[in-house]
Structure formats: structure tokens, C-alpha cells
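# Structural overview for review
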Amino acid sequence: MRAIELKNVSFLYSGFTEKVLSDVDFYVDYGEVALLSGLSGEGKSTLLSIVSGIIPNIVKGEITGEVLVDGKSIIGQKLAQTCRKVGVVLQNADSQIIHKTVDDEIAFGCENFALAADKIGAQIDRVCAIVELDKTAQTRTLSGGQKQRLITASTLATGQRILILDEPLANLDVESANLLMDTLRQLAKAGYAVLVVEHRLDMVLPFVDSVWNIRAGVVTKIENKQEYLLSQTVAIEDNSDDHARGTKIFDVENVAFSIKKKEILKDVSFEVYEGERLLLLGENGCGKTTLLRLLARLYKPTSGNIEQTLDPKFGKRKKGKKWFKSVGVVYQNPNYQLFMPTVEQEIAFGALSKEYADEMIALFGLEHLRKCHPQSLSEGQKRRVSIAAVAATNPKVLLLDEPTVGQDYKGLCELVKILDMLHDRSGNTMITITHDMRCAEALCDRAILIADGTVKEQGGKELAHRYFFRTTI
């Protein structure tokens, strides 16, 4: 019996005139890992919402055709009935985490499924071991990648035999990504059905049994995985001009940072120079995002010092509108940064001028989304809007935390090209965190590897290459 089967399914959102899915035939069997791939905004999330029961129970629209989950039609079923069979890991980890500690978060779903107390404890220990998380950790102190592992663990603990994961590798380092995909592979061997939506094809294809592509709402099964990977891979050429390294603008000296008793950084020292592209490397939870926030003055060091020479008027402590005009921050989660009612207004909010905002809208390919609410967009589209909004301020320093999350290969190449073009044009200093090996070297003049709370190594593009391919590190 098939776990998921769609027969001639079409879907139209309420209030819209154009179908998102058209006559879709699609299936996933028990005992396999299936991949659903395609460009951003083509209908992947809609398909997942139908299978998980979110459509039409919560999100309304017109659905035709037959949708079978565990051999039974979901039409007329309550959401709770479908949730008993289907576990879902969403793109945005923060939207699924509600408790303060890891063990409470994992226990929550189990309690809703009325599992016995002793079984819940055993499940927490089992899944924390699988995803390598400390069950006593505070959820607010977790990195983006660790949060992704937590929501995956919460889904595994409840025991549904059909698992859906929407871009689970988005914020994961290479080791964590391989660990998760190997875990899903083992679950499939044990009889689970696993459906993964993912843009990082190079990471996921070795672990999947079947591949499906969605384009303009039409789903096609792919027979040759290697040919498909090659067809979806666009080589990223680093054509940016080499800038002469300018004066020192940040001097990080013996910086430490702790939250309560948890030590995140303990002895970090390095320098940042005007006009360079600096890449921060390291595994999930090593403190990269914390370091970026320290540079942005969103956090204060527990000890040590960060000197800036961007402008003497800023002093050591002063921050405000002028500071954030000079230092632009793109957060890991775009939902934290998008607050205006339309894309057009979002990008114009802090822009140099209306004309410059319009230029960024065109440059980032957002013309067709001008009047859309930013929070209504796909994760990949939100990411582009958040970067465009910060770029529109023309900052001297651009801090990018996972800028390529949610980008398909075409979008990834376009985004890297735009970032490097803006860097060449403005001479800004660009500091980037990424776990995406597809683009790391193209955003890097110099790399810093963070491990064990300190700087383990510094180098050029070769350090980024060695880090991702683990040849010597």
C-alpha cells in the first residue's frame, strides 16, 4: 500500500484565478525516501500542505482529484486524523518551537498523542541521541541548525510512519546534513515513508530512492538522478574584481560571550578589513551567528573588546539609525526582519532613495511581488526581499547570515552574482555565514573557522574548500 498518492489533483487558492497545481499524479511508497524538487514558488509547499491536511482544513481553496494518505482519502478528514499519520517538519523551525527546553519540546507532541510517561522519556533519549542534541538545553540558545534538528527530533518522537520534511538541510552544516539524511534512510529501511523537499540536491540525492520535479504546478518523475543533478547545477563563477584590502575596520580582541552558564564564545580574536569578503565557517552551534551579532552591536561581549573604525562618532557603545545605515544585518530567519505591508514598502523603508529602492527591486527580481505582503511569500522569496531591503540602505558593512537559504540552483547563482556585483560597485565589506558549499568560495576572499569557542584557523578560499570537503580538517 502506498503511503501518499495524488491522482489528477489540481488546486486553486481562494481569491485567486490561477491554479497552483494542475492535474498532478504523484506517489510515495512505504520503505522509500522521495525527493520533491523544483524552483521556488512552483507549488512544492502547496503540495505538502495538501498531503499534511493543512489544505483544505486551515488554508482554503478549491481542490479536485483524489488525495490518498495511508490508502484513505483525506477529503472530509479532520486535521487531527491526518496528523496521526503524517509528521511534518516545516521550513521555519522557529514557527514550530514553543517550549523552553529541548526535552519539553519533544515531550509536547508525545503528550498530545497520549503516549505513556515512561515511553515519552525513552523517546526523548532515543531521538536526542539520533540528532545529537542535549535534552536539557534551552531552545532559545540553539543555533538555527540545532533548531532544525530539534523539530525533526520532535516529529520522529511521535511515531508517525509518514514523514514530510520541507528543506530540512537549509541551516545544517555538512556533518549534520549527512547525519539527518542517513537517519531518514534508516527509517525508510524500517518501513517509514519519507518525503523531502530540498534545494541542496548535491547533499540529498545520494540518500533518496525516487526524485520528482515540479514546474509550473506540474509534477514529473525523474528517472536519472545524475542527469537531473547536472541539469539543475549552474556553475558559479567568481567574477568579482579583487579589491585592495583597505584599512582595519573591526579589531576583535579576546572576545567571550555567555548566556547564563552557557559559554558560546570564549577567546575570539581576529581583524576585519575594509572591502574584503570574509566567510565565517563552523559547525552548528559553534557561535557564528553570535559573533555576527556582536559585530553588529546587537549583543555586548561578556569579556574582551571589539574596536570599530568605521566612524569615530559611533564610539564604543553608540548604536542607532546611523549605525545600522552603515552596518546592514541580514538575519538567518527573514521572518524576524520583514514588517511592512508590501514588498515595495519593505525595500523603500530604509533606502537611500526611492530610485535606489526601485533599482534593488529590479536587481533582485522582485518586480512581480511589489504589492505582495512579505510574510505571504515563500521562504526563498522572503530571503531575497530581506537582502534587497538591507542592500537598499547601501551599508558600508553587510552582514549575511545564511543568505542563500530557500534558493534553488538558478536563484542561488543569481543571488551570488548580485551580492558580488554590489560588493564590486560599492566596495563594501561583506561578512557571510553559510553552510551551503555550492556558493561558499564565490563569496569569499578570506575565511575564518570557528570551533570550540575560538578561532581555529584563518585562510583564503582553500580553507572554505577544505572545510566543506573535509580533506584535512
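In this numbering scheme, every chain counts its residues from 1 along its sequence in written order. Confidence filtering applies because this is a predicted model: local features only for residues at pLDDT of at least 70, side-chain atom pairs given and counted only at 80 or more, and all residues used for totals across whole chains, interfaces and linings. Only hydrogens and water are set aside when side-chain values are computed; all heavy atoms of the structure are taken into account.

### Quick word on the overall build of the protein chain
Applicable threshold: Secondary structure follows DSSP: runs of H or I at least 4 residues long count as helices, runs of E at least 2 residues long count as strands, and numbering of each begins at the N terminus. We call a residue buried when its accessible area falls under 20% of the maximum for its residue type, exposed when it is over 50%, and partly exposed in between, using a 1.4 Å probe and counting protein chains only. Only heavy atoms enter the contact rule, under which two residues are in contact if any of them lie within 4.5 Å. Computed with a 1.4 Å probe, the accessible areas rest on the Shrake-Rupley method; for each residue, only the protein chains presented here act as cover. Counted as positive: Lys and Arg. Counted as negative: Asp and Glu, with His and the chain ends omitted from the count. For this purpose, a charge sits on NZ of Lys, CZ of Arg, CG of Asp or CD of Glu.
When its secondary structure is counted, the protein chain shows 16 helices and 19 strands. The principal-axis extents of the C-alpha atoms in the protein chain amount to approximately 65 × 50 × 40 Å. When the 473 residues of the protein chain are sorted by exposure, 56% land in the buried category. In the protein chain, of all internal contacts separated by at least 6 residues, the share reaching a separation of at least 24 is 72%. Summed over all atoms, the accessible surface of the protein chain reaches about 20300 Å², with 52% contributed by carbon and sulfur. Within the protein chain, the 62 negative side-chain charges are centred at a point lying 6 Å from the centre of the 58 positive side-chain charges.

### What to know about the pattern of salt bridges
Short version of the rule: Take a side-chain nitrogen of Lys or Arg and a carboxyl oxygen of Asp or Glu: if they are within 4 Å of each other, that pair is a salt bridge.
Evaluated as defined, the whole model comprises 21 salt bridges. Here Glu5 makes a salt bridge to Arg2, at a shortest N to O gap of 3.7 Å. Glu5 gets classed as buried once you look at its relative accessible area, which sits at 19%. Looking at Arg2, the relative accessible area reads 32%, which means it is partly exposed. The salt bridge involving Asp125 is made with Lys135; its shortest N-O contact spans 2.9 Å. Placement of Asp125 in helix 5 (residues 117-131) and of Lys135 in the loop between helix 5 and helix 6 (144-158) is noted, with a sequence separation of 10 residues between them. Given the relative accessible area of 34%, Lys135 is considered partly exposed. Each of Glu344, Lys354, Asp358, Glu367, Arg370 and Lys371 takes part in a single network of salt bridges with overlapping partners.

### Some details on the packing of aromatic side chains
For the record, the criterion: Here a pair means two rings of Phe, Tyr or Trp (six-membered ring of Trp) with centres within 6.5 Å. Their orientation is stacked below 30 degrees between planes, edge-to-face above 60, and tilted elsewhere. Definition used: whenever NZ (Lys) or CZ (Arg) falls within 6 Å of the ring centre and also within 35 degrees of the ring normal, the charge is taken to sit over that ring.
Going through the model one piece at a time under the given rule, you end up with 7 aromatic pairs. A centroid spacing of 5.0 Å and a plane angle of 90° characterise the contact between Phe339 and Phe349, whose relative ring orientation is edge-to-face. Pair noted here: Phe339 is in the loop between strand 15 (327-330) and helix 12 (343-348) and Phe349 is in the loop between helix 12 and helix 13 (354-363), with a separation of 10 residues, a long-range link. Their ring planes at 75° and their centres at 5.2 Å tell us that Tyr467 and Phe468 sit as a pair that is edge-to-face. Classification of Phe468 by relative accessible area gives buried; the value is 5%. Joined through ring pairs, the aromatic side chains of Phe26, Tyr27 and Trp212 make up one cluster. Sitting above the plane of the Trp323 ring, Arg297 keeps its charged end 4.3 Å from the centroid.

### Remarks on the side chain of Asn284
Keep this limit in mind: The definition of a polar contact used here is a pair of N or O atoms within 3.5 Å, where within protein one atom must be able to donate a hydrogen and the other to accept one, and adjacent residues in sequence count solely through side-chain atom pairs.
Positionally, Asn284 belongs in the loop between strand 13 (277-281) and helix 10 (288-295). A polar contact is formed between the side chain of Asn284 and the side chain of Ser176, at a distance of 3.4 Å. At 3.1 Å, the side chain of Asn284 forms a polar contact with the side chain of His435. Excluding its chain neighbours within four sequence positions, the residues that come into contact with Asn284 are Ser143, Gly145, Gln146, Arg149, Asn171, Leu172, Asp173, Ser176 and His435.

### With respect to the nonpolar core
Put simply, the rule is: Residues belong to one nonpolar core when they are buried, are Ala, Val, Leu, Ile, Met, Phe, Trp, Tyr or Cys, and are joined through side-chain atoms within 4.5 Å.
With 59 residues, the main nonpolar core has Ile106, Leu169, Leu184, Val194 and Leu281 as its most contacted residues. The element contributing the most residues to this core is helix 7 (residues 174-189), with 7 residues. Apart from residues lying up to four places away in sequence, Ile106 is in contact with Ile124, Val127, Cys128, Leu150, Ala153, Ser154 and Ala157.

### Details of the pairing of strand 15
Heads up, the condition is: Strands were regarded as paired on the criterion that DSSP finds at least two bridges between them.
Here strand 15 shows two buried faces, one formed by Val327 and Val329 and the other by Gly328 and Val330. Across 4 bridges, the pairing between strand 15 and strand 16 (residues 397-401) is parallel. Note that in strand 16 the partner of Val330 across the bridge is Leu400.

### Examining helix 14 (residues 379-391)
Here is the rule: Here the expected length of a helix is defined as 1.5 Å per residue gap, with one fewer gap than residues.
A rise of 1.5 Å per residue sets the reference length of helix 14, with its 13 residues, at 18 Å; its end C-alpha atoms lie 18 Å apart and thus fit the reference within 8%. Buried residues dominate helix 14, accounting for 13 of its 13 residues.

### Some points on unusual backbone geometry
Looking along the chain, the bond that leaves Ile55 and enters Pro56 is cis, with omega of 10°. If you trace the backbone, Pro56 turns up in helix 2 (residues 54-57). Here Asn8, not a glycine, exhibits a phi torsion of approximately 55°, which is positive. Take Asn8: it is sitting in strand 1 (residues 2-13). Of note, Asp452 is a non-glycine position whose phi angle comes to about 55°, a positive value. Mapped onto the elements of the fold, Asp452 is located in the loop between strand 18 (446-451) and strand 19 (454-459). Among the residues examined, Asp452 registers a relative accessible area of 67% and is labelled exposed.

### With respect to the sheet that holds strand 10 (residues 218-222)
The test is simple: Where helices are involved, their axes are fitted lines through C-alpha atoms of the stretch in contact, as for all axes, and angles between N-to-C directions lie from 0 to 180°.
Within the open sheet, the 6 strands sit side by side as 6-7-8-3-9-10. Their pairing is mixed. At either margin of the open sheet sits one strand with a lone partner, and together these are strand 6 (86-89) and strand 10. Averaged over all adjacent pairs, the angle separating strand axes in this sheet is 20°, with direction ignored. Here strand 7 (residues 162-166) runs beside strand 8 (residues 193-197); their pairing, made up of 5 bridges, is parallel. When the sheet's bridge partners are listed, Ile164 is paired in strand 8 with Leu195. In the packing of helix 6 onto the sheet, contacts are made with strand 6 and strand 7, and the angle to strand 6 comes to roughly 175°.

### Regarding the confidence of the model for the protein chain
The test is simple: One number per residue, pLDDT, summarises how confident the predictor is, and it ranges from 0 to 100.
In the predicted model, the protein chain carries a mean pLDDT of 90, and 96% of its residues have values of at least 70. When mean pLDDT is taken per element in the protein chain, helix 12 scores highest with 98 and helix 9 (residues 225-232) scores lowest with 77.

### Quick notes on empty space enclosed by the protein
The line we're drawing: Detection works on a 1 Å grid of protein atoms alone, calling trapped sets that fit a 1.4 Å probe cavities and calling open sets with protein on both sides within 12 Å along at least five of seven lines pockets, with lining residues defined by an atom within 4 Å of a point. Grid points are joined across faces, edges and corners, and a volume is the space filled by probe spheres set on the points. For this classification, the nonpolar set comprises Ala, Val, Leu, Ile, Met, Phe, Trp, Tyr, Cys and Pro, the charged set comprises Asp, Glu, Lys and Arg, and every other residue, Gly included, is treated as polar.
One pass over the full model with this rule turns up 4 cavities of 30 Å³ or more. Taken as a whole, the largest cavity holds about 70 Å³ of empty space. Lining the largest cavity are Glu167, Ala170, Glu198, His199, Arg200, Glu402, Thr404, Val405, Gly406, Gln407, Asp436 and Arg438. Its residues placed into classes, the lining of the largest cavity shows 2 nonpolar, 4 polar and 6 charged.

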